[in-house]
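Okay, here's what each chain looks like letter by letter:
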Amino acid sequence: MKKKYIYFFRADLKSHVHFYKNWVDAVRENGFKMDLITFVSPKVFFNSYDLVRKYKSSNFKIFIDLKFSPFTFCYFFIVILLNDITVIHLKKRKINQFVFLKKIFPNKIKIILEGEGDPVLEHDFLSKHPYKNKFYNEVLKDLKNEILSQKNNFDGADYLTFGYSTMKELLIKRFPGLNLQKKIFLANMSFKKGSLFYSKEIRINFRKKYNLENKKVFIYTGNAFYSWQCVFRSIEIFKLIKSHFDIDSFLILLVRPQDHEIVDDFLKKLQIPVQDYLLTHTDHNNINNFLNLSDFGFALRHNHEMNNTTPSAKIIEYLGSGLPIITTNSMGDVTNLIKEKRCGLVLDDMDDNKEIINKFLSFLNYSGQKRKIISLWANQNLSTEAKIKDYINLLTKI
């Protein structure tokens, strides 16, 4: 039987593509020749041509498509026609045309719909925690549309993947008639094994490069657009620790360029001197160097159900390099891991300055040997290669 496996992701080459590629590479290493495919506008294609050249290969295909063009539909129509079974994994892509294709080819296509956050919980959170008045109006409209289509999307897919069991439990309760117990598989996208690690040599060299040899370095990585990232409070805690303990410390903010204006606003409001921070962006291949030169990583979250069902992904990357984490007691299994491994400061209330001061002291002198142990454990247990087993079992079953 001739089978085709396709991972079809959103029309963007600048965000999280390395995660998708790592996932597909791991699938291929397990014997399933999956292709990574996207269709982008001419503008995206030519503005990101350096990335097109970087990624394009025999199993990574990047096509140009025009708005309202039937090319995407025709491409998948032909692929399905030429194969006995076509398994299409959708990442941030609408399911509608694939449901239609399934009506044409009822026995030749299987749809795997990858989920992340829950639009119901995200809408609730952002409406209560806006960065500025009306700042999330367009986002909230989009989330309302996602809420309205969520049940039909789940019904149209053959299988669903989510990162955590808490999300699976939530959705089973919300949609009791969709048989989600059998449809949902846990597949948590993570870092490539060996791409993140602790190295004393890298730490020394990069601290020297940035003149940070004698400083305690705090780091935040990720976007700043969504208020659930708690960037303002992260900077505020950095300022609190620096002033209370009289520590010569420095803050690195690795944030995508389009969010720099938001972070600049936070830094000005909190009156952080320019010599105390670096606001920049870096290629993912350089992340491990920044994590190694740092002493603490921020990953704060509010006590909201959204964070229990979709914990911060950056925590897993921090653990990959053995970096001690400053986080909150609101992310279920992830929080429990940090407590169990004693590799971070877990706050019951991130707005309680007294708690922060009392708990921080014990992590001031976190050893390099401890970081190495945590990094090795994370690579063995939290990397893509460790998390892909259930997904491979699903592909085997199809």
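Just above, that's the structure.
Residues numbered from 1 in each chain as written. Predicted model: local features only at pLDDT ≥ 70, side-chain atom pairs only at ≥ 80, totals over all residues. Heavy atoms only, no water.

Chemist: So what about the pattern of salt bridges? Which residues, and what values?
Modeler: The full count for this structure, using the stated rule, is 24 salt bridges. Across the pair R28 and D35 runs a salt bridge, and its minimum N-O distance is 3.7 Å. Classification of D35 by relative accessible area gives buried; the value is 6%. D259 is the partner of R256 in a salt bridge, and the nearest nitrogen-oxygen pair spans 2.6 Å. Given a relative accessible area of 26%, R256 falls into the partly exposed group. Look at the salt bridges and you will find they share partners, linking K4, R28, D35 and K61 into a network. (Salt bridge = Lys/Arg side-chain N within 4 Å of Asp/Glu carboxyl O. Buried < 20%, exposed > 50% of the residue type's maximum accessible area, 1.4 Å probe, protein only.)

Chemist: Describe the layout of surface pockets, and please don't skip the residues or the numbers.
Modeler: Its volume calculated, the second largest pocket comes out at about 440 Å³. Surrounding the second largest pocket, 14 residues form its lining, A11, K92, R93, K94 and Q97 being those nearest its centre. If you list the elements that add at least two residues to the lining of the second largest pocket, you get α4 (71-82) and α5 (96-104). Here the element with the most residues in the lining of the second largest pocket is α5; it accounts for three residues. (1 Å grid on protein atoms, 1.4 Å probe; cavity = no way out; pocket = protein on both sides within 12 Å on 5 of 7 lines; lining within 4 Å. Points joined across faces, edges and corners; volume = space filled by probe spheres on them. Helix = DSSP H or I, 4+ residues; strand = E, 2+ residues; numbered from the N terminus.)

Chemist: Tell me what's going on with the packing of aromatic side chains, and back it up with residues and numbers.
Modeler: By the definition in use, this model includes 42 aromatic pairs. Ring centres of F218 and F360 lie 6.0 Å apart, and the angle between their planes is 25°; on these two criteria the pair is classed as stacked. Note that F218 is positioned in strand β8 (residues 216-221) and F360 in helix α17 (residues 353-360), a separation of 142 residues in sequence. The pair F218 / F360 is uniform in exposure class, with both members buried. (Phe/Tyr/Trp six-rings, centres within 6.5 Å; stacked < 30°, edge-to-face > 60°.)

Chemist: Describe α4, naming the residues involved and giving the relevant values.
Modeler: Over its twelve residues, α4 extends 17 Å from the first C-alpha to the last, a length consistent with the 16 Å expected when each residue adds 1.5 Å. The inward-facing, buried residues of α4 contact β1 (3-9), β2 (34-40), β3 (60-64), β4 (85-91), α5 and β5 (109-114). (Expected span 1.5 Å × (residues − 1). Contact = heavy atoms within 4.5 Å.)

Honestly, that's just the spatial picture; any functional story needs more than this.
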